[in-house]
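Residues per chain are reported as follows:
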Amino acid sequence: MAYENIIVETRGAVGLIRLNRPQALNALNSALLGDLNIALGAFDADGRIGAIVITGSEKAFAAGADIKEMQSLDFVDAYMEDFIGDWEKVPRIRKPIIAAVAGYALGGGCELAMMCDFIIAAKTAKFGQPEITLGVMPGMGGTQRLARFIGKAKAMDLCLTGRMMDADEAERCGLVARVVPSQDLLEEAIKAAEKIASFSQPVVMMTKETVNRAYETTLAEGLRFERRLFHSMFALEDQKEGMAAFTGKRTPSFKNR
Ligand code: HXC
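The rules we used
Residues numbered from 1 in each chain as written. Predicted model: local features only at pLDDT ≥ 70, side-chain atom pairs only at ≥ 80, totals over all residues. Heavy atoms only, no water. UniProt positions renumbered as here; feature names shortened; annotations may be inferred. Helix = DSSP H or I, 4+ residues; strand = E, 2+ residues; numbered from the N terminus. Rg over C-alpha atoms; globule rule 2.2 N^0.38 Å. Buried < 20%, exposed > 50% of the residue type's maximum accessible area, 1.4 Å probe, protein only. Contact = heavy atoms within 4.5 Å. Areas by Shrake-Rupley, 256 points an atom, 1.4 Å probe, with all protein chains shown as cover. Lys, Arg positive; Asp, Glu negative; His and termini not counted. Charge placed at Lys NZ, Arg CZ, Asp CG, Glu CD. Polar contact = N/O pair within 3.5 Å; in protein donor to acceptor, adjacent residues only side chain to side chain.

Under an unreviewed UniProt entry, the chain has the name enoyl-CoA hydratase and belongs to Phyllobacterium phragmitis. UniProt lists a comment for the chain under the heading Sequence similarities (unreviewed entry), and it reads "Belongs to the enoyl-CoA hydratase/isomerase family." Of the comments in the UniProt record for the chain, the one headed Function (unreviewed entry) reads "Could possibly oxidize fatty acids using specific components."

Encoded structure:
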């Protein structure tokens, strides 16, 4: 499949997607989103792929939704077309997605990174929700995910002032899982994705689903959900294999069954 706004490759069991609109700092227009949804859907359906990495360029992961595309939109069109409704497909991907962020992750770019399962940031990364400077507010989950991930104080600070936060601050407040030297970003993200892809795929997918429950339900419900899926894992050959390999002091060979 030929894409215009992204570059798609596979590295063994890892699906790699690079956002590629360098002339607009990877601003997220509807064509790019269309490409991204198709590529993510294809990796999700491909049994050979165990994890996905989304990255941008050295200068920008993505500088936000495409302002030039949004500029002339009016309320009725936005409402009737359900503008940006298609972004809901990204968090529904069932395989883990790592965002490898260098440079700007602003507005929709920060929101896309937050739709991924975790963020590995280069030292150069800058996160922010500058929508307020454009006369709007975040619309792809920024107000909700940011508040849940980094708390009210920082979320309000970023959304109300539009300021950017660097990689170290983003790591301190829990937005970012790891900060790495810029030249190592892609390699570190792919290494993490390869590690994930080496485990039992159903277990990986159920783990993602279960951690995500923590953001959608009460603690008691979340714990019940965890317990049910945990019990179900004893029906997997991979559980037998993983534990037999441990006691036999050998490396497990998971069959994704
Ligand atoms: C469209 C964009 C863009 C964007 C940059 N460009 N960001 N085009 N939408 N979000 C374009 C510029 O117009 C310019 O094109 C080229 O990319 C290079 O950008 P410069 O501004 O010249 O680069 P620089 O001076 O290095 O500044 C980098 C920057 C700045 C600080 C990131 O570009 C910037 O502030 N961008 C906008 C960030 C933003 O407000 N994002 C939130 C968008 S709203 P030309 O043709 O002039 O060379 C949003 C809402 C999401 O995301 C929720 C609902 C949709």
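Side note on the overall build of the chain
In terms of helices and strands, the chain carries 11 helices and 10 strands. In terms of overall dimensions, the chain is globule-like: its C-alpha atoms have a radius of gyration of 19 Å, near the 18 Å expected for 257 residues. Burial status across the chain gives 44% buried among its 257 residues. Partitioning the contacts of the chain with sequence separation of at least 6, the portion at a separation of at least 24 is 67%. Counting every atom, the chain has about 13,800 Å² of accessible surface; 56% of that belongs to carbon and sulfur. The positive charge centre, built from 31 side chains, and the negative charge centre, built from 33, are 8 Å apart in the chain.

Notes on the side chain of T55
Here T55 is to be found in strand β3 (residues 51–55). You can call T55 buried: its relative accessible area is 6%. A polar contact is formed between the side chain of T55 and the backbone oxygen of A100, at a distance of 2.8 Å. The contacts of T55, once residues within four sequence positions are left out, are L16, I17, R18, L19, F61, A100, L185 and L186.

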